[in-house]
Amino acid sequence: MSTVALITGAASGIGAAVARRLSTGGVRCVLVDRDGEGVERLAKELDGAWLAADVSSEEASLEAVALAERRYGRLDLVHLNAGVTSGVDLENFDVERYRKVIGVNVDGVVFGVRASVPLLKRSGGGAIVATASLAGLVGYAGDPVYTMTKHAVVGLVRSLAEPLAAYNIRIGAVCPGFTDTPLVAAARDMFVNSGFPLLTADDVAAAVESAFYAETPGTLLVVQPGRQPMPYRYAGVPGPAGGQRPPRSE
(Lines give C-alpha, C1' and ligand atoms only; values in the text may rest on other atoms or scores of the structure.)
Protein backbone atom coordinates (compact mmCIF):
# COMPACT_ATOMS: atom_id res chain seq x y z
CA MET A 1 0.00 0.00 0.00
CA SER A 2 1.50 3.32 -1.09
CA THR A 3 2.10 6.21 1.28
CA VAL A 4 0.00 9.25 0.36
CA ALA A 5 1.06 12.87 0.94
CA LEU A 6 -0.85 16.15 0.68
CA ILE A 7 1.30 19.22 -0.04
CA THR A 8 0.11 22.84 -0.18
CA GLY A 9 2.00 25.59 -1.98
CA ALA A 10 3.23 22.80 -4.21
CA ALA A 11 3.64 24.45 -7.62
CA SER A 12 7.12 25.83 -6.95
CA GLY A 13 9.84 26.35 -4.38
CA ILE A 14 9.89 24.21 -1.25
CA GLY A 15 6.55 22.54 -1.93
CA ALA A 16 7.60 21.37 -5.39
CA ALA A 17 10.93 20.12 -4.03
CA VAL A 18 9.15 18.13 -1.32
CA ALA A 19 6.75 16.65 -3.87
CA ARG A 20 9.59 15.53 -6.13
CA ARG A 21 11.57 14.11 -3.22
CA LEU A 22 8.66 12.13 -1.84
CA SER A 23 7.54 10.95 -5.27
CA THR A 24 11.02 9.62 -5.98
CA GLY A 25 10.59 7.46 -2.87
CA GLY A 26 7.29 6.04 -4.12
CA VAL A 27 4.91 8.37 -2.26
CA ARG A 28 1.69 9.29 -4.07
CA CYS A 29 1.15 13.05 -3.93
CA VAL A 30 -1.89 15.32 -3.83
CA LEU A 31 -0.71 18.82 -4.73
CA VAL A 32 -2.48 22.09 -3.94
CA ASP A 33 -1.63 25.58 -5.16
CA ARG A 34 -3.46 28.66 -6.39
CA ASP A 35 -1.20 28.53 -9.47
CA GLY A 36 -3.43 26.14 -11.39
CA GLU A 37 -1.16 25.70 -14.40
CA GLY A 38 1.94 25.15 -12.29
CA VAL A 39 0.38 22.63 -9.94
CA GLU A 40 -1.23 20.70 -12.80
CA ARG A 41 2.09 20.53 -14.66
CA LEU A 42 3.94 19.17 -11.62
CA ALA A 43 1.19 16.69 -10.78
CA LYS A 44 1.32 15.28 -14.30
CA GLU A 45 5.11 15.03 -14.07
CA LEU A 46 4.79 13.03 -10.84
CA ASP A 47 1.62 11.13 -11.79
CA GLY A 48 -0.18 12.69 -8.85
CA ALA A 49 -3.45 14.48 -8.17
CA TRP A 50 -3.86 18.24 -8.03
CA LEU A 51 -6.20 20.96 -6.90
CA ALA A 52 -6.02 24.62 -7.93
CA ALA A 53 -7.17 26.43 -4.79
CA ASP A 54 -6.37 29.17 -2.28
CA VAL A 55 -5.67 27.68 1.16
CA SER A 56 -7.04 30.78 2.89
CA SER A 57 -10.43 29.23 2.12
CA GLU A 58 -11.51 26.43 4.45
CA GLU A 59 -13.19 24.67 1.53
CA ALA A 60 -9.81 24.31 -0.22
CA SER A 61 -8.41 22.10 2.55
CA LEU A 62 -11.59 20.06 2.86
CA GLU A 63 -11.65 19.51 -0.90
CA ALA A 64 -7.96 18.55 -1.00
CA VAL A 65 -8.42 15.91 1.71
CA ALA A 66 -11.54 14.61 -0.03
CA LEU A 67 -9.49 14.33 -3.24
CA ALA A 68 -6.83 12.28 -1.43
CA GLU A 69 -9.46 9.91 -0.08
CA ARG A 70 -11.24 9.62 -3.42
CA ARG A 71 -8.06 9.04 -5.43
CA TYR A 72 -5.97 6.98 -3.02
CA GLY A 73 -8.22 5.96 -0.14
CA ARG A 74 -5.95 7.23 2.62
CA LEU A 75 -3.63 10.00 3.84
CA ASP A 76 -0.32 9.58 5.65
CA LEU A 77 1.74 12.76 5.33
CA VAL A 78 0.65 16.41 5.19
CA HIS A 79 2.98 19.29 4.36
CA LEU A 80 1.29 22.63 5.04
CA ASN A 81 3.73 24.75 3.11
CA ALA A 82 1.79 27.55 1.40
CA GLY A 83 2.95 30.97 2.57
CA VAL A 84 3.47 34.57 1.51
CA THR A 85 5.54 37.47 2.77
CA SER A 86 3.50 40.42 3.93
CA GLY A 87 5.04 43.72 2.87
CA VAL A 88 2.54 45.28 5.28
CA ASP A 89 3.60 48.76 6.42
CA LEU A 90 2.06 49.54 9.79
CA GLU A 91 2.31 53.28 9.12
CA ASN A 92 0.50 53.04 5.77
CA PHE A 93 -1.67 50.10 6.67
CA ASP A 94 -3.30 48.02 3.94
CA VAL A 95 -5.94 45.96 5.71
CA GLU A 96 -6.74 43.91 2.60
CA ARG A 97 -3.10 42.84 2.26
CA TYR A 98 -2.96 42.10 5.99
CA ARG A 99 -6.01 39.84 5.82
CA LYS A 100 -4.56 38.04 2.80
CA VAL A 101 -1.33 37.22 4.65
CA ILE A 102 -3.20 36.00 7.74
CA GLY A 103 -5.46 33.93 5.48
CA VAL A 104 -2.61 32.08 3.78
CA ASN A 105 -0.01 31.83 6.55
CA VAL A 106 -2.26 31.18 9.56
CA ASP A 107 -5.74 30.16 8.39
CA GLY A 108 -4.24 27.89 5.73
CA VAL A 109 -2.37 25.92 8.40
CA VAL A 110 -5.32 25.77 10.81
CA PHE A 111 -7.70 24.71 8.05
CA GLY A 112 -5.18 22.17 6.76
CA VAL A 113 -4.79 20.53 10.16
CA ARG A 114 -8.51 20.56 10.83
CA ALA A 115 -9.33 18.98 7.45
CA SER A 116 -6.58 16.35 7.41
CA VAL A 117 -6.75 14.93 10.94
CA PRO A 118 -9.94 12.85 10.44
CA LEU A 119 -8.50 11.04 7.39
CA LEU A 120 -5.10 10.62 9.09
CA LYS A 121 -6.94 8.97 12.00
CA ARG A 122 -8.82 6.64 9.67
CA SER A 123 -5.51 5.77 7.98
CA GLY A 124 -3.99 4.70 11.30
CA GLY A 125 -2.01 7.88 11.99
CA GLY A 126 0.66 9.82 10.16
CA ALA A 127 2.47 13.14 10.25
CA ILE A 128 1.85 16.83 9.63
CA VAL A 129 4.71 19.25 8.97
CA ALA A 130 4.18 23.00 8.62
CA THR A 131 6.66 25.31 6.95
CA ALA A 132 7.40 27.99 9.52
CA SER A 133 10.59 30.08 9.42
CA LEU A 134 13.42 31.33 11.57
CA ALA A 135 11.07 34.30 11.83
CA GLY A 136 8.80 31.99 13.82
CA LEU A 137 11.49 31.68 16.50
CA VAL A 138 13.05 35.15 16.61
CA GLY A 139 11.96 38.71 15.90
CA TYR A 140 12.48 39.78 12.28
CA ALA A 141 12.18 43.55 11.90
CA GLY A 142 12.13 43.31 8.10
CA ASP A 143 8.55 41.99 8.11
CA PRO A 144 6.83 42.07 11.51
CA VAL A 145 3.46 40.81 10.25
CA TYR A 146 5.04 37.82 8.48
CA THR A 147 7.00 37.18 11.68
CA MET A 148 3.78 37.22 13.69
CA THR A 149 2.17 34.64 11.40
CA LYS A 150 5.13 32.27 11.66
CA HIS A 151 5.16 32.58 15.46
CA ALA A 152 1.48 31.59 15.30
CA VAL A 153 2.33 28.49 13.25
CA VAL A 154 5.01 27.47 15.75
CA GLY A 155 2.61 27.99 18.66
CA LEU A 156 -0.05 25.86 16.99
CA VAL A 157 2.40 23.04 16.30
CA ARG A 158 3.72 23.02 19.86
CA SER A 159 0.22 23.09 21.35
CA LEU A 160 -1.15 20.30 19.16
CA ALA A 161 1.80 17.94 19.58
CA GLU A 162 0.53 16.13 22.66
CA PRO A 163 -3.18 15.80 21.77
CA LEU A 164 -2.44 14.60 18.22
CA ALA A 165 0.15 12.10 19.45
CA ALA A 166 -2.70 10.30 21.21
CA TYR A 167 -3.99 9.41 17.72
CA ASN A 168 -0.56 8.38 16.40
CA ILE A 169 -0.29 11.67 14.49
CA ARG A 170 3.01 13.53 14.73
CA ILE A 171 3.05 17.27 14.08
CA GLY A 172 6.16 19.41 13.65
CA ALA A 173 7.56 22.33 11.71
CA VAL A 174 10.62 23.28 9.71
CA CYS A 175 12.09 26.70 10.39
CA PRO A 176 14.41 27.56 7.50
CA GLY A 177 16.49 30.66 7.03
CA PHE A 178 16.41 32.59 3.75
CA THR A 179 15.78 30.13 0.92
CA ASP A 180 16.27 30.58 -2.82
CA THR A 181 12.61 30.37 -3.84
CA PRO A 182 10.14 32.71 -5.57
CA LEU A 183 9.31 34.12 -2.12
CA VAL A 184 12.69 35.90 -1.94
CA ALA A 185 13.23 36.38 -5.68
CA ALA A 186 13.06 40.19 -5.43
CA ALA A 187 15.93 40.24 -2.92
CA ARG A 188 18.01 37.42 -4.40
CA ASP A 189 20.61 39.68 -6.04
CA MET A 190 21.13 41.50 -2.77
CA PHE A 191 21.88 38.23 -0.99
CA VAL A 192 24.19 37.01 -3.76
CA ASN A 193 26.10 40.31 -4.03
CA SER A 194 26.62 40.47 -0.28
CA GLY A 195 27.87 36.88 -0.14
CA PHE A 196 25.01 35.81 2.13
CA PRO A 197 24.39 32.06 1.70
CA LEU A 198 20.91 30.95 0.74
CA LEU A 199 19.36 27.56 1.33
CA THR A 200 18.08 25.66 -1.67
CA ALA A 201 14.55 24.31 -1.84
CA ASP A 202 16.08 20.82 -1.86
CA ASP A 203 17.86 21.58 1.44
CA VAL A 204 14.54 22.38 3.06
CA ALA A 205 12.77 19.44 1.40
CA ALA A 206 15.26 17.06 3.00
CA ALA A 207 14.49 18.63 6.39
CA VAL A 208 10.75 18.28 5.78
CA GLU A 209 11.18 14.58 5.10
CA SER A 210 13.18 14.23 8.34
CA ALA A 211 10.50 16.15 10.24
CA PHE A 212 7.82 13.71 9.08
CA TYR A 213 9.60 10.96 10.99
CA ALA A 214 10.87 12.92 14.00
CA GLU A 215 10.39 10.86 17.16
CA THR A 216 9.51 13.80 19.41
CA PRO A 217 6.07 15.33 18.80
CA GLY A 218 6.20 19.09 18.19
CA THR A 219 9.77 19.04 16.84
CA LEU A 220 10.87 22.35 15.31
CA LEU A 221 13.75 21.80 12.90
CA VAL A 222 16.03 24.78 12.31
CA VAL A 223 17.46 24.70 8.78
CA GLN A 224 20.50 26.84 7.98
CA PRO A 225 23.04 26.73 5.12
CA GLY A 226 25.99 24.43 5.79
CA ARG A 227 24.43 22.81 8.85
CA GLN A 228 22.44 19.66 9.46
CA PRO A 229 18.83 20.40 10.49
CA MET A 230 18.67 20.65 14.27
CA PRO A 231 15.78 20.66 16.76
CA TYR A 232 15.15 24.01 18.40
CA ARG A 233 14.95 23.96 22.19
CA TYR A 234 13.05 26.61 24.13
CA ALA A 235 14.27 27.70 27.53
CA GLY A 236 11.90 26.84 30.37
CA VAL A 237 9.51 29.52 31.61
CA PRO A 238 9.73 30.36 35.35
CA GLY A 239 6.76 29.05 37.29
CA PRO A 240 4.90 30.83 40.10
CA ALA A 241 6.71 31.42 43.38
CA GLY A 242 6.31 28.65 45.89
CA GLY A 243 6.40 25.83 43.35
CA GLN A 244 2.64 25.59 42.78
CA ARG A 245 1.55 23.67 39.71
CA PRO A 246 -1.32 24.80 37.52
CA PRO A 247 -4.56 22.82 38.00
CA ARG A 248 -5.11 19.98 35.55
CA SER A 249 -8.09 20.24 33.25
CA GLU A 250 -10.20 17.10 33.32
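Before any of the text, the structure's been laid out above.
Described in the following lines is the structure provided in the data block. (Residues numbered from 1 in each chain as written. Predicted model: local features only at pLDDT ≥ 70, side-chain atom pairs only at ≥ 80, totals over all residues. Heavy atoms only, no water.)

1. Observations concerning the overall build of the chain
Logical step 1: A tally of regular secondary structure across the chain gives seven helices and eight strands.
Logical step 2: In summary, the chain has a C-alpha radius of gyration of 18 Å against a globular reference of 18 Å for 250 residues, a match within 12%.
Logical step 3: Across its three principal axes, the chain shows a C-alpha extent of roughly 60 × 55 × 40 Å.
Logical step 4: Expressed as a percentage of its 250 residues, the buried residues of the chain come to 48%.
Logical step 5: Within the chain, contacts between residues separated by at least 24 positions form 64% of all contacts whose residues are at least 6 apart in sequence.
Logical step 6: Put simply, the chain has 23 plus and 26 minus side-chain charges, and the middle of one group is 6 Å from the middle of the other. (Helix = DSSP H or I, 4+ residues; strand = E, 2+ residues; numbered from the N terminus. Rg over C-alpha atoms; globule rule 2.2 N^0.38 Å. Buried < 20%, exposed > 50% of the residue type's maximum accessible area, 1.4 Å probe, protein only. Contact = heavy atoms within 4.5 Å. Lys, Arg positive; Asp, Glu negative; His and termini not counted. Charge placed at Lys NZ, Arg CZ, Asp CG, Glu CD.)

2. Quick word on a nonpolar patch on the surface
Logical step 1: Judged by side-chain polarity, Leu90, Phe93 and Val95 come together as a nonpolar surface patch covering roughly 300 Å² of accessible area.
Logical step 2: Within the fold, valine 95 resides in helix 4 (residues 95–122). (Patch = residues over 30% accessible without salt bridge, like charges linked within 9 Å, V, L, I, M, F, W, Y side chains within 5 Å. Areas by Shrake-Rupley, 256 points an atom, 1.4 Å probe, with all protein chains shown as cover. Salt bridge = Lys/Arg side-chain N within 4 Å of Asp/Glu carboxyl O.)

3. Quick notes on the packing of helix 1 (residues 13–24) against helix 7 (residues 201–212)
Logical step 1: Axis separation between helix 1 and helix 7 bottoms out at 8 Å; the angle between their running directions is 60°. Classed by the angle they form, the pair helix 1 and helix 7 counts as oblique. Here the hand of the crossing between helix 1 and helix 7 comes out right-handed. Two secondary-structure elements touch here, helix 1 through Gly13, Ile14, Ala17, Val18, Arg21 and Leu22 and helix 7 through Ala201, Asp202, Val204, Ala205, Ala206, Val208, Glu209 and Phe212.
Logical step 2: Of the residues that constitute the contact of helix 1 with helix 7, the class distribution is 10 nonpolar, one polar and three charged. (Axes fitted to C-alpha atoms, helices over the stretch in contact; angles between N-to-C directions. Parallel < 35°, antiparallel > 145°, perpendicular 65-115°, else oblique. Left-handed = near helix turned anticlockwise from the far one by under 90°. Nonpolar A, V, L, I, M, F, W, Y, C, P; charged D, E, K, R; others polar.)

4. Things to note about empty space enclosed by the protein
Logical step 1: If you walk through the whole model with that rule in mind, you get three cavities of 30 Å³ or more.
Logical step 2: Volume-wise, the largest cavity comes out at about 50 Å³.
Logical step 3: The element best represented in the lining of the largest cavity is helix 3 (residues 58–72), accounting for four residues.
Logical step 4: Each residue belonging to the lining of the largest cavity can be placed in one class, and the counts come to eight nonpolar, three polar and no charged. (1 Å grid on protein atoms, 1.4 Å probe; cavity = no way out; pocket = protein on both sides within 12 Å on 5 of 7 lines; lining within 4 Å. Points joined across faces, edges and corners; volume = space filled by probe spheres on them.)

5. Things to note about the pattern of salt bridges
Logical step 1: This structure, assessed with the given rule, holds seven salt bridges.
Logical step 2: Across the pair glutamate 40 and lysine 44 runs a salt bridge, and its minimum N-O distance is 2.8 Å. Taken together, the residues span about one helical turn, with glutamate 40 and lysine 44 both in helix 2 (residues 36–46) at a distance of four residues.
Logical step 3: The exposure class of glutamate 40 is partly exposed, given its relative accessible area of 29%.
Logical step 4: Classification of lysine 44 by relative accessible area gives exposed; the value is 55%.
Logical step 5: Between glutamate 69 and arginine 122 there is a salt bridge, with its nearest N and O atoms 3.1 Å apart. Taken together, the residues span a long stretch of sequence, with glutamate 69 in helix 3 and arginine 122 in helix 4 at a distance of 53 residues.

6. Some details on the sheet that holds strand 2 (residues 28–33)
Logical step 1: Overall, mixed pairing links the eight strands, which are arranged 3-2-1-4-5-6-7-8 in an open sheet. In the strand order of this sheet, the two ends are held by strand 3 (49–52) and strand 8 (230–231), each with one partner.
Logical step 2: Where strand 5 (residues 126–131) lies against strand 6 (residues 169–176), six bridges are found, and the strand directions are parallel. For glycine 126, the partnering residue across the bridge sits in strand 6 and is isoleucine 169.
Logical step 3: Each of strand 1 (4–8), strand 2 and strand 3 is contacted by helix 3, which is oriented at about 160° to strand 3, the strand it contacts most. (Pairing = 2+ DSSP bridges.)

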